[in-house]
Amino acid sequence: MKVRNSLLILIFLVSFSFFSCDTLFDILGLAGSGDALFTNAEAVEAMKSALNIGADNASNELSKENAYYNDPLLKILLPPEADVILDVIEKIPDGEKLVNNVIKGLNRSAEEAAKEVVPIFSTAIADMTVQDGIGIVTGERDAATVYLKDKTYSQLMELYEPEMEDVLDMPLIPVVNISTNTAWKNLVDAYNDNIASLDDNLIGGIIGGLAGVTLEPVEVDLSQYVTGKALDGVFLTVAEEEGKIRDNPWGYASNIIEKVFGAVKNNFK
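Keep in mind the model is a prediction, meaning the values are calculated, not measured.

Undergrad: Even after reading the chapter, I still don't get the confidence of the model for the protein chain, so can you show me in this structure?
TA: Low pLDDT means the predicted atomic positions in that stretch should not be read closely. Summing up the model confidence of the protein chain, the mean pLDDT is 74 and the portion of residues at 70 or higher is 68%. When the elements of the protein chain are averaged for pLDDT, helix H1 (residues 2-14) gives the smallest value, 44, and helix H5 (residues 95-113) the largest, 91. Counting contacts from residues 2-34, a segment whose pLDDT is below 50, to residues more than four positions away or on other chains yields 85 contacts. Counting contacts from residues 203-213, a segment whose pLDDT is below 50, to residues more than four positions away or on other chains yields 13 contacts.

Undergrad: I keep staring at the nonpolar core and nothing clicks. Help me out?
TA: Nonpolar side chains in soluble globular proteins tend to end up buried together. One finds Ile85 and Trp184 to be the most contacted residues of the largest nonpolar core, which totals 52 residues. Every element with two or more residues in this core is listed here: helix H3 (40-62), helix H4 (83-87), H5, helix H6 (117-126), helix H8 (143-168), helix H9 (180-194) and helix H11 (222-247). If near-sequence neighbours (up to four positions away) are discounted, Trp184 is found in contact with Leu78, Pro79, Ala82, Val102, Val218, Val220 and Leu222. Listed in part, the eleven residues of the second largest apolar core include Ala50, Ile53, Ile245 and Ile256.

Undergrad: Would you explain the packing of H8 against H11 in this entry?
TA: Each packed pair of helices is defined by two parameters, the angle between the axes and the distance between the axes. The N-to-C vectors of H8 and H11 enclose an angle of 135°; their axes lie 8 Å apart at closest approach. The orientation of H8 with respect to H11, classified from their angle, is oblique. In this structure, H8 meets H11 at a crossing whose hand is right-handed. Here the contact of H8 with H11 is composed, by residue class, of 16 nonpolar, six polar and five charged.

Undergrad: Please clarify how the pattern of salt bridges should be interpreted in this entry.
TA: Side-chain pairs of opposite charge can arise whenever the charged atoms involved come near each other. Tallied over the full model, the rule gives six salt bridges. Between Lys115 and Glu112 there is a salt bridge; the shortest N-O distance is 3.2 Å. What makes Lys115 partly exposed here is its relative accessible area of 44%. Its relative accessible area of 18% is what places Glu112 among the buried residues. Lys244 is the partner of Glu241 in a salt bridge, and the nearest nitrogen-oxygen pair spans 3.4 Å. Highlighted residues: Glu241 and Lys244, both in helix H11, separated by three residues, approximately one helical turn. The class for Lys244 is partly exposed, based on a relative accessible area of 44%.

Reading the values: the criteria
- Residues numbered from 1 in each chain as written.
- Predicted model: local features only at pLDDT ≥ 70, side-chain atom pairs only at ≥ 80, totals over all residues.
- Heavy atoms only, no water.
- pLDDT = per-residue confidence, 0-100.
- Helix = DSSP H or I, 4+ residues; strand = E, 2+ residues; numbered from the N terminus.
- Contact = heavy atoms within 4.5 Å.
- Core = buried A, V, L, I, M, F, W, Y, C linked by side-chain atoms within 4.5 Å.
- Buried < 20%, exposed > 50% of the residue type's maximum accessible area, 1.4 Å probe, protein only.
- Axes fitted to C-alpha atoms, helices over the stretch in contact; angles between N-to-C directions.
- Parallel < 35°, antiparallel > 145°, perpendicular 65-115°, else oblique.
- Left-handed = near helix turned anticlockwise from the far one by under 90°.
- Nonpolar A, V, L, I, M, F, W, Y, C, P; charged D, E, K, R; others polar.
- Salt bridge = Lys/Arg side-chain N within 4 Å of Asp/Glu carboxyl O.

Take a look at the structure:
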C-alpha cells in the first residue's frame, strides 16, 4: 500500500528532474515498452496537469474569505514574541479589541496573498530534481508534499514575502477598514506605551516572581512571520489535494490524469 501510494508522487515529480524519464519508467516497468500502460510523453503531460490542478485548487480554497480564520488547522494567531502582550492585555486600553484586529488582519492577509501562490509555487517546482525519488517511493501518504516543502520552502519564502508585505499594507480588516500593519502597530504601541507604568507585582507575576525586571518592547518581523504561517497552510492544503488525486484520479476532467494515474492506481493495488 505504501509503495502504491507513493509511486504516483514519484511520477508527478519526475517531469521536473534531470534524470531520464525513460530510465525511471523502464525501471518501474510502467512505460518504454510495447506493453506500456502509457507513454513517457503522456506521463509528463499528466504530471503537469496534476500540478496545475493541485496548485489552482489550493489557491482557490485558501483565497476564500475566512479560509484561514475559520479553520483551526490554518488559523494564524499572534507571533510568539507577542505572548507577553497577552499576559498584560487587561492593562492595555482596548487591548482585546486590538488583539482581535491583528488576528483578523493576519488571516485576511494570508487569504489575499494566496491568490498569488500559483505562479510562485509552479516556478519553484519546475526547478526541482528527484534525487530523493526512492525515499518518496517508500514514503508516507504525503511524502511528495513533505519533499516539496523541504526542497522549496526557503525559495518560496523569498518569493512570497514581497507579496505578503504588499498585502499587509492593504486595508483588509472588516469594520475598522485598516491594514494589518496598522492594526499591529496600534497593538504594539499601546503595549509599549504602557509597560513602563506596569507595577512590580504584575511584572513579578509574569516572570515567576522576579519583581523589578523591566519588560522589553515587542519587536517582530511581521511579514516574515505571517508568510511562514501562510505557506504552512498552502502546503497543508496541497497535501490534501495530493491525496484526492491519488485516491480518485477518475474524478478529474483531465483525460490524461485519468489515463496515467488511473493506470497506476489499478496496477498497484
